[in-house]
Amino acid sequence: MDINKLVRKNVLAMKPYSSARDEFDGVEGLFLDANENPYSNGVNRYPDPYQRKLKEVIASQKHLLHENILLGNGSDEVLDLLFRAFCEPKKENIVITAPSYGMYKVLANLNDVLANEVLYESDFSLDADKIIAATNKNTKLIILCSPNNPTGNSIELDVIEKVLNNTNCLVVVDEAYIDFSTKNSCIKSLNKYNQLIVIQTLSKYFGMAGIRLGMCFANKDVITVLNRIKPPYNINVLTQQKAVDLLENVDLGYRREVIQERENLSKEISKLNYVEKVYPSEANFLLVKTTNANWVYDELVNQQIIIRNRTNEKLCKDCVRISIGTKQENEILLNALNKINS
Ligand SMILES: *Cc1c(COP(=O)(O)O)cnc(C)c1O
(Lines give C-alpha, C1' and ligand atoms only; values in the text may rest on other atoms or scores of the structure.)
Protein backbone atom coordinates (compact mmCIF):
# COMPACT_ATOMS: atom_id res chain seq x y z
CA MET A 1 0.00 0.00 0.00
CA ASP A 2 1.31 3.47 -0.91
CA ILE A 3 1.03 5.37 2.36
CA ASN A 4 1.60 8.76 0.73
CA LYS A 5 -1.55 8.24 -1.36
CA LEU A 6 -3.54 8.16 1.90
CA VAL A 7 -2.13 11.42 3.27
CA ARG A 8 -4.24 14.59 3.07
CA LYS A 9 -3.11 16.82 0.21
CA ASN A 10 -2.55 19.87 2.40
CA VAL A 11 -0.33 17.80 4.70
CA LEU A 12 1.76 16.58 1.78
CA ALA A 13 2.07 20.11 0.45
CA MET A 14 2.82 21.93 3.70
CA LYS A 15 6.27 22.91 4.83
CA PRO A 16 6.75 21.66 8.42
CA TYR A 17 7.81 24.08 11.14
CA SER A 18 11.53 23.95 11.37
CA SER A 19 12.39 24.05 15.03
CA ALA A 20 15.54 25.52 16.45
CA ARG A 21 16.64 22.08 17.59
CA ASP A 22 16.05 20.10 14.38
CA GLU A 23 19.80 19.91 13.90
CA PHE A 24 20.38 19.01 17.55
CA ASP A 25 21.91 15.53 17.70
CA GLY A 26 22.25 15.13 21.43
CA VAL A 27 25.85 16.34 21.79
CA GLU A 28 26.73 19.40 23.75
CA GLY A 29 27.03 22.67 21.90
CA LEU A 30 26.58 26.37 22.37
CA PHE A 31 22.85 26.96 21.96
CA LEU A 32 22.06 30.52 20.92
CA ASP A 33 19.24 29.56 18.57
CA ALA A 34 16.03 29.35 20.58
CA ASN A 35 15.87 32.45 22.76
CA GLU A 36 15.98 30.37 25.92
CA ASN A 37 17.18 31.50 29.32
CA PRO A 38 20.81 30.28 29.27
CA TYR A 39 21.07 29.60 33.02
CA SER A 40 20.71 25.94 33.82
CA ASN A 41 17.90 24.81 36.14
CA GLY A 42 17.20 21.42 34.57
CA VAL A 43 14.40 22.63 32.31
CA ASN A 44 15.65 25.87 30.78
CA ARG A 45 16.27 24.21 27.39
CA TYR A 46 13.63 23.07 24.90
CA PRO A 47 13.30 19.27 24.78
CA ASP A 48 14.70 17.10 22.00
CA PRO A 49 11.88 17.24 19.41
CA TYR A 50 12.60 13.64 18.36
CA GLN A 51 13.11 12.24 21.90
CA ARG A 52 16.19 10.29 20.79
CA LYS A 53 17.25 8.95 24.18
CA LEU A 54 13.75 7.81 25.14
CA LYS A 55 13.14 6.24 21.73
CA GLU A 56 16.38 4.30 22.08
CA VAL A 57 15.07 2.72 25.30
CA ILE A 58 11.64 2.00 23.80
CA ALA A 59 13.14 0.68 20.55
CA SER A 60 15.30 -1.80 22.40
CA GLN A 61 12.46 -2.98 24.67
CA LYS A 62 10.01 -3.36 21.77
CA HIS A 63 12.58 -4.69 19.27
CA LEU A 64 11.88 -1.88 16.82
CA LEU A 65 13.87 0.87 15.12
CA HIS A 66 13.50 4.51 16.21
CA GLU A 67 12.17 5.27 12.70
CA ASN A 68 9.14 3.10 13.52
CA ILE A 69 8.27 5.10 16.65
CA LEU A 70 6.37 8.33 17.22
CA LEU A 71 5.67 9.60 20.73
CA GLY A 72 2.71 11.73 21.71
CA ASN A 73 1.33 13.64 24.68
CA GLY A 74 -0.70 10.55 25.61
CA SER A 75 -2.24 8.18 23.06
CA ASP A 76 -4.90 10.80 22.61
CA GLU A 77 -2.44 13.09 20.84
CA VAL A 78 -1.21 10.22 18.67
CA LEU A 79 -4.80 9.48 17.61
CA ASP A 80 -5.49 13.15 16.93
CA LEU A 81 -2.38 13.36 14.73
CA LEU A 82 -3.63 10.35 12.74
CA PHE A 83 -6.93 12.10 12.05
CA ARG A 84 -5.21 15.30 11.04
CA ALA A 85 -2.69 13.56 8.79
CA PHE A 86 -5.03 11.22 6.97
CA CYS A 87 -8.71 12.23 7.23
CA GLU A 88 -10.15 15.00 5.09
CA PRO A 89 -12.81 16.80 7.19
CA LYS A 90 -16.42 16.54 5.97
CA LYS A 91 -15.43 14.15 3.20
CA GLU A 92 -13.64 11.10 4.56
CA ASN A 93 -14.63 8.70 7.29
CA ILE A 94 -13.36 6.19 9.82
CA VAL A 95 -14.69 2.89 11.14
CA ILE A 96 -14.79 2.21 14.87
CA THR A 97 -16.39 -0.47 17.02
CA ALA A 98 -18.99 -0.18 19.76
CA PRO A 99 -18.76 -0.39 22.67
CA SER A 100 -15.21 0.93 22.77
CA TYR A 101 -13.03 3.79 23.97
CA GLY A 102 -15.05 7.02 23.79
CA MET A 103 -12.16 9.19 22.64
CA TYR A 104 -12.27 7.82 19.07
CA LYS A 105 -15.66 9.37 18.46
CA VAL A 106 -14.75 12.61 20.24
CA LEU A 107 -11.71 12.99 17.98
CA ALA A 108 -13.76 12.14 14.89
CA ASN A 109 -16.31 14.81 15.84
CA LEU A 110 -13.58 17.32 16.62
CA ASN A 111 -11.93 16.71 13.26
CA ASP A 112 -15.31 16.72 11.47
CA VAL A 113 -14.83 13.18 10.19
CA LEU A 114 -17.74 10.73 10.14
CA ALA A 115 -17.32 7.67 12.38
CA ASN A 116 -19.13 4.52 11.22
CA GLU A 117 -19.75 2.28 14.22
CA VAL A 118 -19.70 -1.51 13.97
CA LEU A 119 -21.32 -3.31 16.88
CA TYR A 120 -19.58 -6.12 18.69
CA GLU A 121 -21.53 -9.39 18.79
CA SER A 122 -23.43 -10.12 22.01
CA ASP A 123 -20.53 -12.26 23.29
CA PHE A 124 -18.20 -9.29 22.53
CA SER A 125 -16.50 -11.06 19.64
CA LEU A 126 -15.94 -8.99 16.53
CA ASP A 127 -17.06 -9.97 13.03
CA ALA A 128 -14.35 -8.95 10.56
CA ASP A 129 -16.84 -9.04 7.67
CA LYS A 130 -18.95 -6.34 9.35
CA ILE A 131 -15.89 -4.10 9.68
CA ILE A 132 -14.97 -4.67 6.05
CA ALA A 133 -18.56 -4.00 4.94
CA ALA A 134 -18.61 -0.71 6.91
CA THR A 135 -15.74 0.72 4.87
CA ASN A 136 -16.03 2.53 1.56
CA LYS A 137 -13.65 4.37 -0.77
CA ASN A 138 -13.58 7.34 1.60
CA THR A 139 -12.57 5.33 4.67
CA LYS A 140 -9.12 6.27 5.92
CA LEU A 141 -8.82 4.68 9.36
CA ILE A 142 -10.20 1.63 11.09
CA ILE A 143 -9.63 1.79 14.84
CA LEU A 144 -9.68 -1.46 16.79
CA CYS A 145 -9.04 -1.66 20.51
CA SER A 146 -7.47 -4.87 21.86
CA PRO A 147 -7.91 -5.69 24.68
CA ASN A 148 -11.02 -3.58 24.32
CA ASN A 149 -12.15 -0.92 26.75
CA PRO A 150 -14.73 -1.44 28.31
CA THR A 151 -15.40 -5.10 27.40
CA GLY A 152 -11.99 -6.36 28.53
CA ASN A 153 -11.55 -9.01 25.85
CA SER A 154 -9.03 -9.12 22.99
CA ILE A 155 -9.72 -9.18 19.29
CA GLU A 156 -8.38 -12.39 17.76
CA LEU A 157 -5.35 -11.89 15.52
CA ASP A 158 -7.07 -13.64 12.60
CA VAL A 159 -9.90 -11.08 12.79
CA ILE A 160 -7.39 -8.21 12.67
CA GLU A 161 -5.51 -9.86 9.80
CA LYS A 162 -8.71 -10.44 7.85
CA VAL A 163 -9.48 -6.71 8.16
CA LEU A 164 -5.93 -5.83 7.07
CA ASN A 165 -6.11 -8.18 4.09
CA ASN A 166 -9.46 -6.92 2.85
CA THR A 167 -9.38 -3.14 3.23
CA ASN A 168 -7.46 -0.28 1.64
CA CYS A 169 -7.02 2.01 4.61
CA LEU A 170 -4.91 2.32 7.72
CA VAL A 171 -5.75 -0.09 10.53
CA VAL A 172 -5.02 1.24 14.00
CA VAL A 173 -4.84 -1.25 16.87
CA ASP A 174 -5.01 0.48 20.26
CA GLU A 175 -3.13 -1.78 22.67
CA ALA A 176 -3.41 0.35 25.83
CA TYR A 177 -3.98 -2.84 27.88
CA ILE A 178 -1.80 -5.32 25.97
CA ASP A 179 0.64 -5.83 28.85
CA PHE A 180 -2.12 -7.36 30.99
CA SER A 181 -3.07 -9.80 28.24
CA THR A 182 -1.77 -13.24 27.36
CA LYS A 183 -2.16 -12.38 23.66
CA ASN A 184 0.73 -11.19 21.51
CA SER A 185 1.03 -7.56 20.49
CA CYS A 186 0.34 -6.72 16.84
CA ILE A 187 3.82 -5.18 16.75
CA LYS A 188 4.89 -8.58 15.41
CA SER A 189 2.74 -7.97 12.30
CA LEU A 190 4.18 -4.52 11.45
CA ASN A 191 6.68 -6.03 9.01
CA LYS A 192 3.92 -7.82 7.15
CA TYR A 193 1.44 -4.92 6.82
CA ASN A 194 2.62 -1.38 6.11
CA GLN A 195 -0.90 -0.02 6.75
CA LEU A 196 -0.89 -1.33 10.33
CA ILE A 197 -0.46 1.16 13.19
CA VAL A 198 -0.09 -0.03 16.80
CA ILE A 199 -0.68 2.37 19.67
CA GLN A 200 0.47 1.73 23.22
CA THR A 201 0.74 3.96 26.28
CA LEU A 202 2.69 4.35 29.49
CA SER A 203 -0.57 5.28 31.27
CA LYS A 204 -1.76 1.84 32.36
CA TYR A 205 0.63 -1.07 32.95
CA PHE A 206 3.71 1.15 33.22
CA GLY A 207 2.10 3.36 35.85
CA MET A 208 2.86 6.73 34.25
CA ALA A 209 -0.56 8.21 33.45
CA GLY A 210 0.62 11.48 34.98
CA ILE A 211 3.48 12.10 32.56
CA ARG A 212 1.31 11.70 29.42
CA LEU A 213 3.24 9.47 27.04
CA GLY A 214 1.61 7.63 24.18
CA MET A 215 3.54 5.50 21.69
CA CYS A 216 2.80 4.90 18.03
CA PHE A 217 4.52 2.05 16.23
CA ALA A 218 4.23 1.93 12.46
CA ASN A 219 5.85 1.78 9.08
CA LYS A 220 8.49 4.47 8.48
CA ASP A 221 6.29 6.29 5.93
CA VAL A 222 3.49 6.72 8.48
CA ILE A 223 5.91 7.94 11.16
CA THR A 224 7.48 10.42 8.73
CA VAL A 225 4.09 11.99 8.01
CA LEU A 226 3.23 12.24 11.71
CA ASN A 227 6.61 13.81 12.47
CA ARG A 228 5.88 16.50 9.86
CA ILE A 229 2.71 17.63 11.60
CA LYS A 230 3.31 17.06 15.30
CA PRO A 231 3.95 20.05 17.56
CA PRO A 232 7.78 20.19 17.61
CA TYR A 233 8.17 20.01 21.39
CA ASN A 234 5.19 17.79 22.21
CA ILE A 235 7.04 15.67 24.79
CA ASN A 236 8.44 17.83 27.57
CA VAL A 237 11.82 17.43 29.23
CA LEU A 238 10.45 16.07 32.52
CA THR A 239 8.34 13.45 30.74
CA GLN A 240 11.28 12.27 28.64
CA GLN A 241 13.53 11.95 31.69
CA LYS A 242 10.95 10.23 33.87
CA ALA A 243 9.99 7.77 31.13
CA VAL A 244 13.63 6.75 30.57
CA ASP A 245 14.10 6.32 34.34
CA LEU A 246 10.98 4.26 34.94
CA LEU A 247 11.19 2.15 31.76
CA GLU A 248 14.64 1.00 32.76
CA ASN A 249 13.24 -0.10 36.13
CA VAL A 250 9.87 -1.69 35.33
CA ASP A 251 8.50 -3.73 38.22
CA LEU A 252 7.47 -7.03 36.65
CA GLY A 253 5.77 -8.24 39.83
CA TYR A 254 2.91 -5.83 39.23
CA ARG A 255 1.50 -7.83 36.32
CA ARG A 256 1.14 -10.98 38.43
CA GLU A 257 -0.44 -9.03 41.27
CA VAL A 258 -3.02 -7.33 39.04
CA ILE A 259 -4.01 -10.61 37.40
CA GLN A 260 -4.31 -12.35 40.76
CA GLU A 261 -6.40 -9.50 42.18
CA ARG A 262 -8.54 -9.38 39.04
CA GLU A 263 -9.36 -13.08 39.22
CA ASN A 264 -10.11 -12.87 42.93
CA LEU A 265 -12.34 -9.80 42.52
CA SER A 266 -14.12 -11.45 39.62
CA LYS A 267 -14.89 -14.52 41.73
CA GLU A 268 -16.11 -12.48 44.71
CA ILE A 269 -18.18 -10.01 42.67
CA SER A 270 -19.90 -12.89 40.84
CA LYS A 271 -21.36 -14.03 44.17
CA LEU A 272 -23.35 -10.81 44.72
CA ASN A 273 -27.05 -11.25 44.16
CA TYR A 274 -27.38 -8.04 42.13
CA VAL A 275 -24.61 -9.14 39.76
CA GLU A 276 -25.67 -11.01 36.64
CA LYS A 277 -22.27 -11.52 35.08
CA VAL A 278 -18.63 -10.58 35.38
CA TYR A 279 -17.11 -10.63 31.90
CA PRO A 280 -13.73 -12.30 31.43
CA SER A 281 -11.00 -9.65 31.30
CA GLU A 282 -7.55 -9.46 29.77
CA ALA A 283 -7.01 -5.97 31.15
CA ASN A 284 -6.74 -4.25 34.54
CA PHE A 285 -10.46 -3.73 34.91
CA LEU A 286 -13.65 -5.77 35.07
CA LEU A 287 -16.91 -5.17 33.23
CA VAL A 288 -19.76 -6.22 35.50
CA LYS A 289 -23.38 -6.64 34.44
CA THR A 290 -25.71 -5.83 37.32
CA THR A 291 -29.47 -5.64 37.79
CA ASN A 292 -29.28 -1.84 38.15
CA ALA A 293 -26.06 -0.01 37.28
CA ASN A 294 -27.29 3.45 38.31
CA TRP A 295 -28.16 2.13 41.75
CA VAL A 296 -24.80 0.32 42.22
CA TYR A 297 -22.94 3.40 41.03
CA ASP A 298 -24.81 5.75 43.38
CA GLU A 299 -24.46 3.41 46.35
CA LEU A 300 -20.69 3.26 45.84
CA VAL A 301 -20.40 7.03 45.41
CA ASN A 302 -22.17 7.32 48.78
CA GLN A 303 -19.31 5.28 50.21
CA GLN A 304 -16.69 7.47 48.43
CA ILE A 305 -15.86 4.81 45.85
CA ILE A 306 -15.89 5.89 42.23
CA ILE A 307 -16.34 3.34 39.46
CA ARG A 308 -17.40 3.87 35.85
CA ASN A 309 -21.06 3.55 34.99
CA ARG A 310 -21.24 2.20 31.42
CA THR A 311 -24.99 1.64 31.24
CA ASN A 312 -25.43 4.08 28.37
CA GLU A 313 -22.87 2.35 26.14
CA LYS A 314 -24.09 0.03 23.41
CA LEU A 315 -24.47 -3.62 24.58
CA CYS A 316 -23.57 -2.49 28.11
CA LYS A 317 -26.97 -1.87 29.68
CA ASP A 318 -26.60 -2.00 33.48
CA CYS A 319 -22.87 -2.59 33.25
CA VAL A 320 -20.23 -0.92 35.39
CA ARG A 321 -16.49 -0.92 34.79
CA ILE A 322 -14.24 -1.36 37.81
CA SER A 323 -10.47 -0.78 37.77
CA ILE A 324 -8.31 -3.22 39.71
CA GLY A 325 -6.77 -1.39 42.67
CA THR A 326 -4.28 -2.45 45.31
CA LYS A 327 -5.13 -5.49 47.44
CA GLN A 328 -6.27 -3.14 50.19
CA GLU A 329 -8.41 -1.00 47.87
CA ASN A 330 -10.05 -4.10 46.42
CA GLU A 331 -10.95 -5.26 49.92
CA ILE A 332 -12.58 -1.90 50.65
CA LEU A 333 -14.49 -2.20 47.37
CA LEU A 334 -15.68 -5.73 48.19
CA ASN A 335 -16.83 -4.62 51.65
CA ALA A 336 -18.81 -1.78 50.09
CA LEU A 337 -20.34 -4.08 47.47
CA ASN A 338 -21.27 -6.61 50.16
CA LYS A 339 -22.80 -3.90 52.31
CA ILE A 340 -25.49 -3.21 49.69
CA ASN A 341 -26.07 -6.91 49.05
CA SER A 342 -29.49 -7.78 50.50
C1 LIG B 1 -6.51 4.55 28.92
C2 LIG B 1 -6.58 4.32 27.45
C3 LIG B 1 -5.67 4.94 26.60
C4 LIG B 1 -4.58 5.79 27.16
O5 LIG B 1 -4.63 7.06 26.76
P6 LIG B 1 -3.41 8.03 27.17
O7 LIG B 1 -3.80 9.29 26.46
O8 LIG B 1 -2.16 7.40 26.61
O9 LIG B 1 -3.38 8.13 28.64
C10 LIG B 1 -5.75 4.69 25.25
N11 LIG B 1 -6.67 3.85 24.75
C12 LIG B 1 -7.55 3.23 25.54
C13 LIG B 1 -8.51 2.28 24.96
C14 LIG B 1 -7.54 3.46 26.92
O15 LIG B 1 -8.43 2.84 27.70
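All chains use their own residue numbering, which begins from 1 and follows the written sequence. With the structure being a predicted model, the display of local features is reserved for residues of pLDDT at least 70 and the display and counting of side-chain atom pairs for 80 or more, all residues being used for whole-chain, interface and lining totals. Neither water nor hydrogens contribute to the side-chain values; these are computed over all heavy atoms in the structure.

## A look at the UniProt feature "modified residue: N6-(pyridoxal phosphate)lysine" (unreviewed entry) in the protein
Then, number 1: UniProt positions are given in the numbering used here, feature names are shortened, and annotations may be inferred rather than shown by experiment. On the UniProt side, "modified residue: N6-(pyridoxal phosphate)lysine" (unreviewed entry) is annotated at positions that read Lys204 here.
Then, number 2: Inspection of the secondary structure assignment puts lysine 204 in the loop between β6 (196–201) and β7 (214–218).
Then, number 3: With residues near it in sequence (within four places) discarded, lysine 204 still touches Ala176, Tyr177 and Phe180. Every helix listed is a DSSP run of H or I at least four residues long, and every strand listed is a run of E at least two residues long, numbered separately from the N terminus. Contact definition: two residues touch when any of their heavy atoms are within 4.5 Å.

## Let's talk about the nonpolar core
Then, number 1: Grouping buried Ala, Val, Leu, Ile, Met, Phe, Trp, Tyr and Cys residues that are joined through side-chain atoms within 4.5 Å yields what is termed a nonpolar core. Here the term buried applies to any residue with accessible area under 20% of the maximum for its type, exposed to any over 50%, and partly exposed to those in between, with areas from a 1.4 Å probe on protein chains only. If you look at the biggest cluster of nonpolar residues, it comprises 73 residues, and the most contacted ones within it are Ile58, Leu202, Leu213, Phe217, Ile269 and Leu337.
Then, number 2: The residues that make up this core include at least three from each of domain 1 (3–247) and domain 2 (253–339). An automatic or database domain assignment is the source of the domain bounds shown.

## Structural notes on the UniProt feature "domain: Aminotransferase class I/classII large" (unreviewed entry) in the protein
Then, number 1: When the UniProt feature table is mapped onto this chain numbering, "domain: Aminotransferase class I/classII large" (unreviewed entry) sits at residues 40–337.
Then, number 2: Between the C-alpha atoms that bound residues 40–337 the distance is 53 Å, and the span itself is 36% helix and 19% strand.

## Focus: helix α7 (residues 157–165)
Then, number 1: Along α7, the positions that sit buried rather than exposed are Val159, Ile160, Glu161, Val163 and Leu164.
Then, number 2: The secondary structure elements touched by the buried residues of α7 are α6 (128–134), β4 (139–145), β5 (170–174) and β6.

## Concerning the site of the ligand
Then, number 1: Contacts to the ligand come from 14 residues, most closely from Tyr177, Thr201, Ser203, Lys204 and Arg212.
Then, number 2: In the model, a nitrogen atom of the ligand is placed 2.7 Å from a nitrogen or oxygen of the aspartate 174 side chain.
Then, number 3: Take tyrosine 177: an N or O atom from its side chain is 2.6 Å from an oxygen atom of the ligand.
Then, number 4: A per-class count over the shell around the ligand returns 5 nonpolar, 5 polar and 4 charged. When at least one non-hydrogen atom of a residue lies within 4 Å of a molecule or strand, that residue is treated as near it. Side-chain atoms alone can form a polar contact between residues adjacent in sequence; in general such a contact is a pair of N or O atoms within 3.5 Å, and within protein one must be able to donate a hydrogen while the other accepts it. Residues are grouped as follows: Ala, Val, Leu, Ile, Met, Phe, Trp, Tyr, Cys and Pro are nonpolar; Asp, Glu, Lys and Arg are charged; all remaining types, including Gly, are polar.

## A look at the sheet that holds β4
Then, number 1: Think of it this way: DSSP has to see at least two bridges between two strands before they count as a pair. Across the sheet, 7 strands lie side by side as β1-β7-β6-β5-β4-β2-β3; this open sheet has mixed pairing. The outermost strands of the open sheet, each flanked by one partner alone, are β1 (69–72) and β3 (114–119). The sheet shows a mean angle of 25° between the axes of neighbouring strands, taken without regard to direction.
Then, number 2: As paired elements, β1 and β7 share 4 bridges and run antiparallel to each other. For leucine 70, the partnering residue across the bridge sits in β7 and is cysteine 216. Simply put, an axis is a line fit to the C-alpha atoms, just over the touching stretch for a helix, and the angle between two N-to-C directions goes from 0 to 180 degrees.

## So, the pattern of salt bridges
Any two side chains of opposite charge can pair if their charged atoms end up close together.
Then, number 1: By definition, a salt bridge exists where a carboxyl oxygen of Asp or Glu is found within 4 Å of a side-chain nitrogen of Lys or Arg. For the structure shown, the criterion picks out 17 salt bridges.
Then, number 2: Here arginine 8 and glutamate 88 are joined by a salt bridge, their closest N and O atoms 3.3 Å apart. With arginine 8 in the loop between α1 (3–6) and α2 (9–13) and glutamate 88 in the loop between α4 (74–86) and β2 (93–98), this pair connects stretches of sequence that are 80 residues apart.
Then, number 3: Looking at arginine 8, the relative accessible area reads 15%, which means it is buried.

## Details of the pairing of β7
Then, number 1: When you tally the buried positions in β7, you get 5 out of 5 residues, the bulk of the element.
Then, number 2: Of the two faces of β7, the one holding Gly214, Cys216 and Ala218 and the one holding Met215 and Phe217 are both buried throughout.

## Describing the pairing of strand β8 (residues 275–278)
Along any regular strand, the residues point their side chains to alternate faces of the sheet.
Then, number 1: Summarising the sheet, β8 and strand β9 (residues 285–290) pair through 3 bridges and their orientation is antiparallel. If you follow valine 278 over to β9, its bridge partner there is valine 288.
Then, number 2: Two successive antiparallel strands, β8 and β9, enclose a turn made up of 6 residues.

## As for the environment of lysine 339
Then, number 1: Locating lysine 339 in the fold gives a position in helix α12 (residues 327–339).
Then, number 2: In the structure, lysine 339 is positioned 83 residues away from arginine 256 in sequence and 29 Å away in space, judged by C-alpha atoms.

## A word on the domain arrangement of the protein
Then, number 1: For the protein, the assigned domains are domain 1 (3–247) and domain 2 (253–339).
Then, number 2: The distance between the C-alpha centroids of domain 1 and domain 2 comes to 30 Å.
Then, number 3: Linking domain 1 to domain 2 there are 2 salt bridges.
Then, number 4: Our count for the contact surface shared by domain 1 and domain 2 stands at 8 residue pairs in polar contact (both at pLDDT 80 or more).
Then, number 5: Looking at side-chain class alone, the side of domain 1 that touches domain 2 contains 10 nonpolar, 9 polar and 4 charged residues.

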